[in-house]
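Given next are the chains, with one letter for each unit.
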Amino acid sequence: MSASAPTSNGRQNMRALEQANRIRLARAELKRRIARGDVEVAQVLIDPSDEIAGMEISELLTSQKRWGTTRCSKFMDSVGLQE
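A description of the pattern of salt bridges should follow, citing residues and the corresponding values.
Tallied over the entire structure, the rule returns five salt bridges. Here Glu-59 makes a salt bridge to Lys-31, at a shortest N to O gap of 3.2 Å. Of the two residues, Glu-59 sits in helix H3 (residues 57–61) while Lys-31 sits in helix H1 (residues 4–36), which places them 28 residues apart along the sequence. A residue is classified by how much of its surface remains accessible, and Lys-31, at 29% relative accessible area, is partly exposed.

Now the structure itself:
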């Protein structure tokens, strides 16, 4: 093994952690904006950003005021979606 391998892996791990943190922060901000009513879940689903592309729909729905897990589950069942 060369001496540069651990350094290269360390940089790659750091980039992966930075990207994961950026995605986590973007999702948290989006959920806050949904809770405040600044943005609608429908808008997010129509035009998702890269950060939220893999996010669960139930997570977005429960970000809304008055939308708990029960209401979310009932809605998703009614439209034929799985959590």
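Pulling in residues and values, what's your account of the nonpolar core?
Counting residues in hydrophobic clusters, the biggest one holds 12 residues: Leu-30, Ile-34, Val-39, Val-41, Val-44, Ile-52, Met-55, Leu-60, Leu-61, Trp-67, Cys-72 and Met-76. Mapped onto this core, the elements with two or more residues apiece are H1, helix H2 (41–46), H3 and helix H4 (69–78). Leave out the neighbours within four places in its chain, and Met-55 touches Arg-27, Lys-31 and Leu-60.

Provide a residue-level description of the side chain of Ser-58, including the pertinent values.
Within the secondary structure layout, Ser-58 lies in helix H3. For Ser-58, a relative accessible area of 10% puts it in the buried group. Not counting residues up to four positions away in its chain, the partners in contact with Ser-58 are Cys-72, Met-76 and Glu-83.

Report on unusual backbone geometry, specifying residues and quantitative values.
Notably, Arg-66 is not glycine yet its phi reads approximately 70 degrees, a positive angle. Of note, Arg-66 is situated in the loop between H3 and H4. Take Arg-66: its relative accessible area is 77%, and that puts it in the exposed class.

Conventions used here
Residues numbered from 1 in each chain as written. Predicted model: local features only at pLDDT ≥ 70, side-chain atom pairs only at ≥ 80, totals over all residues. Heavy atoms only, no water. Salt bridge = Lys/Arg side-chain N within 4 Å of Asp/Glu carboxyl O. Helix = DSSP H or I, 4+ residues; strand = E, 2+ residues; numbered from the N terminus. Buried < 20%, exposed > 50% of the residue type's maximum accessible area, 1.4 Å probe, protein only. Core = buried A, V, L, I, M, F, W, Y, C linked by side-chain atoms within 4.5 Å. Contact = heavy atoms within 4.5 Å.

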